[in-house]
Amino acid sequence: MLIRHPARRRAAATAATACALAVALTSCSGTTKDSAEKDTATAASGAKADPDAPLKKGLKLAFLPKQINNPYEKIVDEAGIAAAGEYGATGKEVGPSDANASSQVSYINTLIQQRQDAILIAANDPNAVCGPLKQAMKKDIKVVAYDSDTAKDCRQLFINQASSEEIGRSLVQHLGEQIGYQGKIAILSATQNATNQNTWIEFMKDELKLPKYKNMQLVKVAYGDDADQKSFQQTQGLLSAYPDLKGIISPTTVGIAAAARYLSDSSYKGKVVLNGLGTPNQMRKYVKDGTVEQFSLWNPEELGYLGSYAAASLASGQITGAEGEKFKAGKLGEYTIGKDGEVILGEPTVFDKKNIDTFDF
């Protein structure tokens, strides 16, 4: 699949330093792979792209995060809503207070009744939201998944933060280097059904099969449900069950911050390596006090910004979601749609003591 030209990626990375965050990640029942592909093809063939069409004025966009109080997704959504103002649209954020699989369904139904032009969703579960999202598409409401994907036939586009394989493998690579490729490790994830988390974890497990990791053992995948206190307790539980644990990977901003808070006030500080996905503003104090050496993330403001322009391009007929189509995302430049309607924001950034103070999000 195609992503932006490296020069544009560098430009976006530079822009990230001026941005202001925080994270982290979920077939419809009775749907087969063949029928899903058929549905997707039918949806794509129902309209013809007009790349020269202007962005429509007065579009209504709704952002539906995993949970309304997730600080990372709040930044993503607010950036997307602000971007809508650039092209004469309006945006809003609605969503549940918990990240349960079916919690987003009633909100989708309401947004359909409100005749939104586009729904942007970070799915808690890839399948639970499929029924209402398909109903939305039948009513010509465009559906864009971001951060955490739905099943492929339940949306037109998926705005991915970075290559899922790159995220999963790089987290294992970083941790391996930090612990000398020796010892027991654990993963502290979000919810059990989170699409992005599970995809990254599969790539982590695959990376661990390589010979250089032969002396590293993944002993447990724990789930904090993207809840601060539960993630804190899961960290405590991991270290109680495995007192010789050498490292923890937490690919969720809520999880890594909670784990860092526990480690910082425990006897494990400086002994257990914590890595994963976090935001500079959440993790700065833990980097500076030595609890965490490094962590990674993309710019969440750019993720929301890109999602907003992608949804507007769909709703304006510039694109249909077909592979190879191109669209412009304001200050971020041009993007190309890849396989299965995936659009990749860019490469994640590694944060440590040397660069963390140059970022504010």
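In what follows, the structure referred to is the one given above.
Each value, and the rule that gives it
- Residues numbered from 1 in each chain as written.
- Predicted model: local features only at pLDDT ≥ 70, side-chain atom pairs only at ≥ 80, totals over all residues.
- Heavy atoms only, no water.
- Helix = DSSP H or I, 4+ residues; strand = E, 2+ residues; numbered from the N terminus.
- Polar contact = N/O pair within 3.5 Å; in protein donor to acceptor, adjacent residues only side chain to side chain.
- Disulfide = S-S within 2.5 Å.
- Buried < 20%, exposed > 50% of the residue type's maximum accessible area, 1.4 Å probe, protein only.
- Pairing = 2+ DSSP bridges.
- Axes fitted to C-alpha atoms, helices over the stretch in contact; angles between N-to-C directions.
- Contact = heavy atoms within 4.5 Å.
- Core = buried A, V, L, I, M, F, W, Y, C linked by side-chain atoms within 4.5 Å.

J.: Give me the lowdown on the side chain of Gln116, citing residues and values where you can.
T.: By secondary structure assignment, the location of Gln116 is in the loop between helix 4 (105-113) and strand 3 (118-121). Within polar-contact distance, the side chain of Gln116 engages the side chain of Gln114 at 3.4 Å.

J.: Any chance you could break down the state of the cysteines for me, citing the residues and the numbers?
T.: Evaluation of the coordinates by the stated rule reveals one disulfide. Residue pairing for Cys130: its cysteine sulfur links by disulfide to Cys154, the two sulfurs lying 1.9 Å apart. A torsion of 95° about the S-S bond marks the disulfide between Cys130 and Cys154 as right-handed. You can see Cys130 sitting in helix 5 (residues 130-138) and its partner Cys154 sitting in the loop between strand 4 (142-146) and strand 5 (157-160), a full 24 residues away along the chain. Residue classification places Cys154 among the buried residues on the basis of a relative accessible area of 0%.

J.: I'd like to hear about unusual backbone geometry, residue by residue, with values.
T.: The phi dihedral of Arg115 falls on the positive side, at around 60°, and the residue is not glycine. In this fold, Arg115 is placed in the loop between helix 4 and strand 3. Even without being a glycine, Asp225 presents a positive backbone phi close to 60°. According to the relative accessible area criterion, Asp225 is partly exposed, its value standing at 27%.

J.: Account for the sheet that holds strand 8 (residues 245-250), naming residues and giving values.
T.: Spatially, the four strands line up as an open sheet ordered 7-6-8-9, and their pairing is parallel. The open sheet has two free edges, formed respectively by strand 7 (216-223) and strand 9 (273-276), since each of these has just one partner strand. Strand-to-strand twist in this sheet, taken as the mean axis angle between neighbours without regard to direction, amounts to 20°. Note: strand 6 (residues 183-189) against strand 7, seven bridges, orientation parallel. Bridging from a neighbouring strand, Ser189 pairs with Tyr223 of strand 7. Relative to the sheet, helix 6 (residues 164-178) contacts strand 6, strand 7, strand 8 and strand 9, its axis offset from that of strand 9 by approximately 160°. Sitting on the sheet, helix 8 (residues 228-241) is in contact with strand 6, strand 7 and strand 8, with an inclination near 145° to strand 7.

J.: Would you mind going over the nonpolar core in detail, with residue names and values included?
T.: Ranked by size, the top nonpolar core spans 79 residues in total, and within it Trp298, Leu306 and Phe327 carry the most contacts. For Phe327, the contacting residues outside a window of four places in its chain are Leu306, Tyr309, Ala310, Ser313, Ile319, Gly333, Glu334, Tyr335, Ile337 and Val343.

J.: Please give an account of the environment of Tyr262 that cites residues and values.
T.: Checked against the element boundaries, Tyr262 lands in helix 9 (residues 253-264). Exposure remark for Tyr262: the relative accessible area of 16% places this residue in the buried category. For Tyr262 and Gln233, which are 29 residues apart along the polypeptide, the C-alpha to C-alpha distance reads 8.5 Å. With residues up to four places along the chain from it excluded, the contact list for Tyr262 reads Phe232, Thr235, Gln236 and Leu239.

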